[in-house]
Amino acid sequence: MTLETIRHLKHDTPDHDRRLDGMAQGVLGTDMDRPEGPLKVSGRATYAAETAPEGMAHGYLVRAATIGRITGSNAEAVQAMPGVLHVLEDERMIRNAAQGMAGKSPVQKQGQAWYVGQPVACVVAESFEQARHAAQAMMVTIEPDGTHAFDAESREAQVETPEKKQLVQGDFDGAMSGAAFSIDNDYRTSSMSSAAMEPHASIAQWDEDGAVTLRGSYQLLRFNKNELADVLGVAPEKVRILSPYVGGGFGSKLGLAPEAVAAALSAQVLGRPVRVVLHRRQVFETVTRRSETKQRIRLACDAQGKLTAIGHENLVSQLPEEVFSEPVAQGTHFQYAAPNRLVGHHIARIRRPAAGSVRAPGEAVGVTAFEIAVDELAKAAGIDPLEFRLRNVPEKHPENGKPFSSSTMEATLREGAKRFGWEHTAPRQRREGEWWIGTGMAGCVRVNMMIEAHARVVLTGQGVRVECDMTDIGTGSYAILTQVAAEMLGFAPSQVETVLGDTDLPPASGSGGSFGAASTSTAVYLACMELRERLAAKIGVKETELTLKDGHAIHDNRQTKLSELLGEEEWRALGHLEPGKAGQDVRQATWGAVFAEVAVSDVTGETRVRRMEGTFACGRILNLKTARSQCHGGMIWGLGLALTEALEHDPRDGHMVNRDLAEYHLPVNLDVPQLGVHFLEERDDWANPLQAKGIGELAICGSGSAVINAIENACGVRVRQLPATLDRVMEGLAAHD
Amino acid sequence: MQFNLDINGERHALDVDTRTTLLDALRDHLGLTGSKKGCDHGQCGACTVIVNGRRINSCLTLACMHDGDEITTVEGLGAPEDLSPLQLAFVEHDGYQCGYCTPGQICSATAMLDEIKAGWPSNVTGDLEAQVDASIEEISERMSGNLCRCSCYPGIVDAIRQVAREEAGA
Amino acid sequence: MRSFDYVRAGDTAQAVREAGSEETRFIAGGTNLLDLMKLEVMAPGKLVDITRLDLGGIEETADGGLRIGALVTNSDLAADARVRRGWPVLSRALLAGASGQLRNKATTGGNLLQRTRCYYFYDRGEPCNKREPGSGCAAKDGVNRILAILGTSEHCIATHPSDMAVAMRALDARVEIEGAEGRREVALGEFYRLPGDTPQIETVLKPDDLITAVLLPAPAGGRQIYRKVRDRSSYAFALVSVAAVIEVEDGVISKAQLAFGGLGPMPWRDADVEAALVGAAPSAALFDRAADILLAEAKGYGGNDFKIPLTRRTLAAVLTQATEASA
């Protein structure tokens, strides 16, 4: 019988042991290829929609074309169409995707269409083609239920100002009025979509015991399981979710989405498996988007460029009854020192599709606008924007005085400037033909988080198996967890099997908020430590004197094969990380600096990014290759945020007008130059026993400002409404003509 | 409707709805799920396959229109234990993350390199009548019909350049 | 997508015979038709597959021009050595359009018949006179950044999305059509119709008319430029595009053929603009005057107002480039 022992860590204090530095396998931190790579590049990795259980039927969602009370439909006529098996109009269908880590049902249908595009029914048929056509033929009658606001800045919008999210410190107004230099500007960012390449898809299948298995595409399985159970009104033990491969998330798959509920309810009614895949247009509308923001930023500094006042007041939008609101000022609270501070947070309840977490909620748009504002103040003060930032690096948390777990802001700025070859210049100095050339820079910052995670590690003489319900949404979980286990237990990565994406396995962190790699790796580390202790005890040495390498235990100049030590035994250990005071006693964050060179057409206002260099400090790097790719992703998202991405909402009913990939402009290959990414060597002992921190979101938190600041440097046009599409730049160019 | 598709060197007899796209035929009727559906409207490139030597969006064509055509999908380019040079290069350069757009990228790149060899110009080609080469800019422009939201473009370009160089040197 | 009958035509006569009703559509590349059928913006009851017809060749004509078969793909046309040499603006326009994959599928005939990318046309939840005559135009007071400023009516402000057709219009192309009454040719300038109060009718084609070829006159010479302005560097529709064939002799413009994309419901050409340019010496003032003439009737709808100055600036840049002494 195999014995499973548990190692639990309540993470209250920094870990100065740095045990990983004492390991010998030498695979952690390398640029090891992803172990699942060959499956992905050969089309053999199986995503959510890609299994076909016997008897599977196909569902297609029906959309509300207007807002109001649902009073009827032509369901009977639709039911009679060729191939139609069922028309689902269940009140348990959900209005929009759940918010991240909700763990319970989002707002359900309640007989209402809250926004244009809400899923209000699902038509199930024998074939996909039949279901799609029947769904398109379905008409739901919706009676208008009054007038609504569709724009956060409109006079009709109801605006909430939650007390807990407002902050005043010192004499803000006094500091502003007495300042040597100050700025006071409104910045706007657009409504945006995660637009993961794999549309949400679910296949639901019930067994005779009333348990449901959902093959879905989700990021946070242990929460998603509870969400689905709550929606369906069954015990969580009756729900199993499988997501071995997830075709991108970026926040859009944090919470259970409408297709999963429709699939589960339909499958229950029909007694056969049902697949529902969101059409791309439905992904845009029914899965949460990033709220547009209006940010009033006021900054003041003294004659030496020392910040004296920081004001950041934000307006975001959200549907009624959603708890989340874009935490725009999350980075503002601690990025820069200044004695007088003001933060405002306002939520307009409007009828646009629900807002939620999209890659780096808060800082992605908050730091981006703020770093444009800092550039403006530096310019007003006549100081090099790099130097200006260096003069305002905080020594401790400027609002509550807590220490930083690590403070690398200055180091990333200096290193980044060196790598880019930063030189401060006046605007409108360089020109190549019709193109203005300029450079810009910005700091990046993102809070670092850990959440609870479990992982099982199974050790045999031949290798290791890692098991948990962690997901790999492209972030590199398969690679990283494999490397941690290989490093700790002394096996080649090829002898480590990592099994993820199944809620029958121990509940890990899931992927989101950049907490996944560090949280779940810590759980794996703990399980491995437990196994190391057991091995050490069996051999009769201290764990710290035990070296594990290439399947051998090495101690006191003796070398024993693990296969001899373990024989046919299978040793199991469960690692359990529980976040504690280490996350509260200090401010944990990741820091970076991004520098960009752009060309701006003096004719059209088109911007081309020619060069981008990012320097980041994210604690210990677990896999250099996947870490670099994550930063490429963040920087390119910054480019999209700055230049191309905007969801347009109709002013009359709030619906998303450009809800497809032809007109919602993700950056394409040609938009992106070759990018430089550099990591500072760092060990953050407060973060976790691995000294590793989040990576996936940092690079988007400021990269866009480097581009916007570079546009100003190139052609003298300051864009304060993002994205800086050519019409906005051209308007500024015309003023110079 | 009944017809035949020659896929990855094997003939398949199909009997499907005329509305069935080539992509859905591959994914739902033949179990070849390597070709991905990202938008179903020719706006993302995830469904790219090679038909009679040319890359196309398999979502925007009806399966029944391809009776007798030679179709290559990502599964036909290489298996996990026997990957094509481009597939290997994508792994080495991390030209993918989530992997969902990847089969389309690789099919697209495979045929794209042939287009360069055939001397086809692109929108960034300076002189329409000069020889074209597999420069970074040429590759980027020619691969712009394949979106990658993980934004692995730098790795994708590096992977393709490596293979283009290898082929040129061979 | 509703069910449809599918017929594969063996020859042109059969194709024409199989058509003839409003319910029937020819399908070749299918890149736009299937896109719209999936959303049921178009819902034909019958498709006539013309891909096996013998219309895939490019031949030289007696007058030194080209006859481009309707089934020639955008890729083949762009890469054709004769086109690259003699009609480079057409190659350039084709290469600026869509993606490599789409150009491999999209055909010459189909490209001419692309439908507008107006958001509201694509959205069955919204009124649109082009999709559903009489329902209204949601775009005028909606999001109209990408829509037309020339040739619009109160019923429709859609643009034609093609790049290829813009170059062809500048090149004086003609469309060869096979119909029930035989073969005819229509100048591309007369092929499209303005929306007026029937925006659902976009061309002079009758239901059983099949485009069999596009005819290009002999090479126009001059300096040929296609400039496309768009929201990203590739794989996006034009906000504004300019196709130009310009010749300067003895310091005076001797030839000016200009067509514009992104501005109107058809590839736009204005004879008065060309007349103003020909015979004049190139100058910034002249180009400004040309823009004045082109944009005299331009009307913005709020979101697309910027297209007016953008067109002016782009036209000036293209004309400047085209009339510069060669390096």
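Residues numbered from 1 in each chain as written. Chains lettered and ligands numbered in written order. Predicted model: local features only at pLDDT ≥ 70, side-chain atom pairs only at ≥ 80, totals over all residues. Heavy atoms only, no water.

- Taking an unreviewed UniProt entry as the reference, chain B is identified by name as Periplasmic aromatic aldehyde oxidoreductase, iron-sulfur subunit YagT belonging to Limimaricola cinnabarinus LL-001.

- The name given to chain A in an unreviewed UniProt entry is Periplasmic aromatic aldehyde oxidoreductase, molybdenum binding subunit YagR, with the source organism recorded as Limimaricola cinnabarinus LL-001.

**Side note on the overall build of chain B**
Consideration 1: Each helix and strand in chain B was counted, giving six helices and five strands.
Consideration 2: In summary, chain B has a C-alpha radius of gyration of 16 Å against a globular reference of 15 Å for 170 residues, a match within 12%.
Consideration 3: In terms of overall dimensions, chain B has a C-alpha envelope of 45 × 35 × 30 Å along the principal axes.
Consideration 4: Here chain B holds 170 residues, and the buried ones make up 68% of them.
Consideration 5: In chain B, of all internal contacts separated by at least 6 residues, the share reaching a separation of at least 24 is 56%.
Consideration 6: Element-wise, carbon and sulfur atoms account for 44% of the exposed surface of chain B, whose accessible area totals about 5,100 Å².
Consideration 7: Taken as two groups, the 12 positive and 26 negative side-chain charges of chain B have centres that lie 4 Å from each other. (Helix = DSSP H or I, 4+ residues; strand = E, 2+ residues; numbered from the N terminus. Rg over C-alpha atoms; globule rule 2.2 N^0.38 Å. Buried < 20%, exposed > 50% of the residue type's maximum accessible area, 1.4 Å probe, protein only. Contact = heavy atoms within 4.5 Å. Areas by Shrake-Rupley, 256 points an atom, 1.4 Å probe, with all protein chains shown as cover. Lys, Arg positive; Asp, Glu negative; His and termini not counted. Charge placed at Lys NZ, Arg CZ, Asp CG, Glu CD.)

**Looking at the interface of chain B and chain C**
Accessible area lost when the parts come together is the quantity often used to give the size of an interface.
Consideration 1: The interface of chain B with chain C comprises 41 residues on the first partner and 42 residues on the second.
Consideration 2: For the chain B and chain C pair, buried surface summed over both sides reaches about 3,400 Å², with 50% attributable to carbon and sulfur atoms.
Consideration 3: It is Leu60, Met65 and Leu128 of chain B that lose the most area in chain B upon contact with chain C, and together they represent 21% of the buried surface on that side.
Consideration 4: Applying the counting criterion to the chain B and chain C interface returns four salt bridges. (Buried area = accessible area lost by both parts, 1.4 Å probe. Salt bridge = Lys/Arg side-chain N within 4 Å of Asp/Glu carboxyl O.)

**Focus on helix H12 (residues 477-489) of chain A**
Residues and elements named next belong to chain A.
Consideration 1: Here H12 spans 18 Å end to end across 13 residues, near enough to the 18 Å set by a 1.5 Å rise per residue.
Consideration 2: Buried residues dominate H12, accounting for 13 of its 13 residues.
Consideration 3: At the C-terminal side of H12, glycine 490 shows a positive phi close to 70°. (Expected span 1.5 Å × (residues − 1).)

**Focus on unusual backbone geometry**
Consideration 1: In this structure, proline 723 of chain A follows leucine 722 of chain A across a cis peptide bond, with omega equal to 0°.
Consideration 2: With respect to the secondary-structure elements, proline 723 of chain A resides in the loop between helix H16 (703-715) and helix H17 (726-736).
Consideration 3: The residue methionine 101 of chain A is not glycine, and still its phi comes out positive at about 65°.
Consideration 4: Residue placement: methionine 101 of chain A occurs in the loop between strand E4 (84-88) and strand E5 (112-113).
Consideration 5: A residue is classified by how much of its surface remains accessible, and methionine 101 of chain A, at 37% relative accessible area, is partly exposed.
Consideration 6: One non-glycine residue with positive phi stands out, namely asparagine 52 of chain B, at about 50°.
Consideration 7: Its place among the elements puts asparagine 52 of chain B in the loop between strand E3 (48-51) and strand E4 (54-57).

**Things to note about the UniProt feature "domain: Aldehyde oxidase/xanthine dehydrogenase a/b hammerhead" (unreviewed entry) in chain A**
Consideration 1: Under the present numbering, the feature "domain: Aldehyde oxidase/xanthine dehydrogenase a/b hammerhead" (unreviewed entry) in UniProt falls on residues 42-146 of chain A.
Consideration 2: A distance of 53 Å separates the end C-alpha atoms of residues 42-146 of chain A, which is 14% helix and 30% strand. (UniProt positions renumbered as here; feature names shortened; annotations may be inferred.)

**Re the interface of chain A and chain B**
Consideration 1: The interface of chain A with chain B comprises 58 residues on the first partner and 53 residues on the second.
Consideration 2: In total, chain A and chain B occlude about 4,500 Å² of area from one another, counting both sides; carbon and sulfur atoms represent 56% of this.
Consideration 3: Applying the counting criterion to the chain A and chain B interface returns six salt bridges.
Consideration 4: We note a salt bridge from glutamate 50 of chain A to arginine 27 of chain B, for which the minimum N-O separation is 2.8 Å.
Consideration 5: The greatest single-element share of the side of chain A that touches chain B, amounting to eight residues, is contributed by helix H15 (residues 624-643) of chain A.
Consideration 6: Of the residues that constitute the side of chain A that touches chain B, the class distribution is 26 nonpolar, 19 polar and 13 charged. (Nonpolar A, V, L, I, M, F, W, Y, C, P; charged D, E, K, R; others polar.)

**A few points about the domain arrangement of chain A**
Residue and element names in this part refer to chain A.
Consideration 1: Once the domains are mapped, chain A shows domain 1 (4-30 + 451-581) and domain 2 (362-448 + 588-736).
Consideration 2: Centre-to-centre, using C-alpha coordinates, domain 1 lies 36 Å away from domain 2.
Consideration 3: Facing the 26 residues of domain 1 at the interface are 23 residues of domain 2.
Consideration 4: Between domain 1 and domain 2 we count three salt bridges in total.
Consideration 5: Of the charged contacts in the structure, one is a salt bridge between arginine 18 and aspartate 685, with a shortest N-O distance of 2.9 Å.
Consideration 6: Summed over the shared surface of domain 1 and domain 2, the result is twelve residue pairs in polar contact (both at pLDDT 80 or more).
Consideration 7: If one sorts the elements of the side of domain 1 that touches domain 2 by residue count, helix H13 (residues 516-539) sits on top with five residues.
Consideration 8: Here the side of domain 1 that touches domain 2 is composed, by residue class, of ten nonpolar, twelve polar and four charged. (Domains from an automatic or database assignment. Polar contact = N/O pair within 3.5 Å; in protein donor to acceptor, adjacent residues only side chain to side chain.)

**Topic: the packing of aromatic side chains**
Consideration 1: Counted by the stated rule, this structure contains 15 aromatic pairs over all chains.
Consideration 2: An aromatic cluster is defined as three or more aromatic residues linked by ring pairs; in this entry it consists of Tyr47, Tyr245 and Tyr478 of chain A together with Tyr100 of chain B.
Consideration 3: Residue placement shows arginine 431 of chain A over the ring face of tryptophan 436 of chain A; its charged tip is 4.7 Å from the ring centre.
Consideration 4: Across from the ring centre of phenylalanine 420 of chain A, 4.0 Å away, lies the NZ or CZ of arginine 611 of chain A, which sits over that ring. (Phe/Tyr/Trp six-rings, centres within 6.5 Å; stacked < 30°, edge-to-face > 60°. Lys NZ or Arg CZ within 6 Å of the ring centre and 35° of its normal.)

**Section: the environment of alanine 309 of chain A**
Consideration 1: Mapped onto the elements of the fold, alanine 309 of chain A is located in strand E16 (residues 307-318).
Consideration 2: Excluding residues that lie within four positions of it along the chain, alanine 309 of chain A makes contacts with Phe172, Ala175, Met176, Arg298, Leu299, Ala300, Ala338 and Asn340 of chain A.

**Some remarks on the domain arrangement of chain B**
Residue and element names in this part refer to chain B.
Consideration 1: The domain boundaries assigned to chain B delineate domain 1 (2-76) and domain 2 (85-169).
Consideration 2: Each of domain 1 and domain 2 has a C-alpha centre, and the two are 22 Å apart.
Consideration 3: For the domain 1 and domain 2 pair, buried surface summed over both sides reaches about 1,300 Å², with 57% attributable to carbon and sulfur atoms.
Consideration 4: On the domain 1 side of the interface with domain 2, the three residues burying the most area are Lys36, Arg55 and Val74, jointly 44% of the side's total.
Consideration 5: Taken together, the links from domain 1 to domain 2 amount to one salt bridge.
Consideration 6: Where arginine 55 meets glutamate 115, a salt bridge forms, and the shortest distance between an N and an O atom there is 2.8 Å.

**With respect to the pairing of strand E2 (residues 57-63) of chain A**
All names here are of chain A.
Consideration 1: When you tally the buried positions in E2, you get six out of seven residues, the bulk of the element.
Consideration 2: With three bridges connecting them, E2 and strand E14 (residues 274-277) associate as parallel partners. Residue pairing in the sheet places alanine 57 in a bridge with valine 274 of E14.
Consideration 3: By the bridge criterion, six bridges tie E2 to strand E6 (residues 119-125) in an arrangement that is antiparallel. By the bridge assignment for E6, histidine 58 is matched with alanine 125. (Pairing = 2+ DSSP bridges.)

**A short note on the nonpolar core**
Consideration 1: Ranked by size, the top nonpolar core spans 315 residues in total, and within it Phe616 of chain A together with Leu90 and Leu112 of chain C carry the most contacts.
Consideration 2: Looking at which element gives the most residues to this core, the answer is H13 of chain A, with twelve residues.
Consideration 3: With residues up to four places along the chain from it excluded, the contact list for leucine 112 of chain C reads His160, Met164, Ala165, Met168, Val175, Leu188, Phe191, Tyr192, Ile211 and Val214 of chain C.
Consideration 4: Grouped together as the second largest cluster of nonpolar side chains are 34 residues, Cys122, Val212, Ala257 and Ala267 of chain A included. (Core = buried A, V, L, I, M, F, W, Y, C linked by side-chain atoms within 4.5 Å.)

**With respect to the side chain of serine 144 of chain B**
Consideration 1: As for its position among the elements, serine 144 of chain B is in the loop between helix H5 (136-142) and helix H6 (153-169).
Consideration 2: Those residues within four positions of serine 144 of chain B in sequence are excluded, and the remaining contacts are Val668, Asn669 and Leu670 of chain A together with Ser234 and Tyr235 of chain C.

**Quick word on the sheet that holds strand E9 (residues 223-229) of chain C**
All names here are of chain C.
Consideration 1: The strand order E9-E10-E11 describes an open sheet built from three strands, whose pairing is antiparallel. Both outer strands of the open sheet, E9 and strand E11 (252-261), are each paired with one neighbouring strand and no more. Ignoring strand direction, the axes of neighbouring strands in this sheet form an average angle of 15°.
Consideration 2: In terms of strand pairing, strand E10 (residues 240-249) meets E11 through nine bridges, oriented antiparallel. Its bridge partner lying in E11, glutamate 247 is registered against lysine 255.
Consideration 3: Contacts from helix H12 (residues 307-323) reach E9, E10 and E11 within the one sheet, and its direction differs from that of E10 by about 30°. (Axes fitted to C-alpha atoms, helices over the stretch in contact; angles between N-to-C directions.)

**Here's the deal with the sheet that holds strand E2 (residues 24-27) of chain C**
Residue and element names in this part refer to chain C.
Consideration 1: On the basis of which strands lie adjacent, the open sheet formed by three strands has the order E1-E3-E2 and parallel pairing. The sheet is open, and its two edges are formed by strand E1 (5-8) and E2, each paired on a single side. Across the sheet, the mean angle separating the axes of adjacent strands is 25° when strand polarity is ignored.
Consideration 2: Bridge count between E2 and strand E3 (residues 46-49): four bridges; the pairing is parallel. Its bridge partner lying in E3, threonine 24 is registered against lysine 46.

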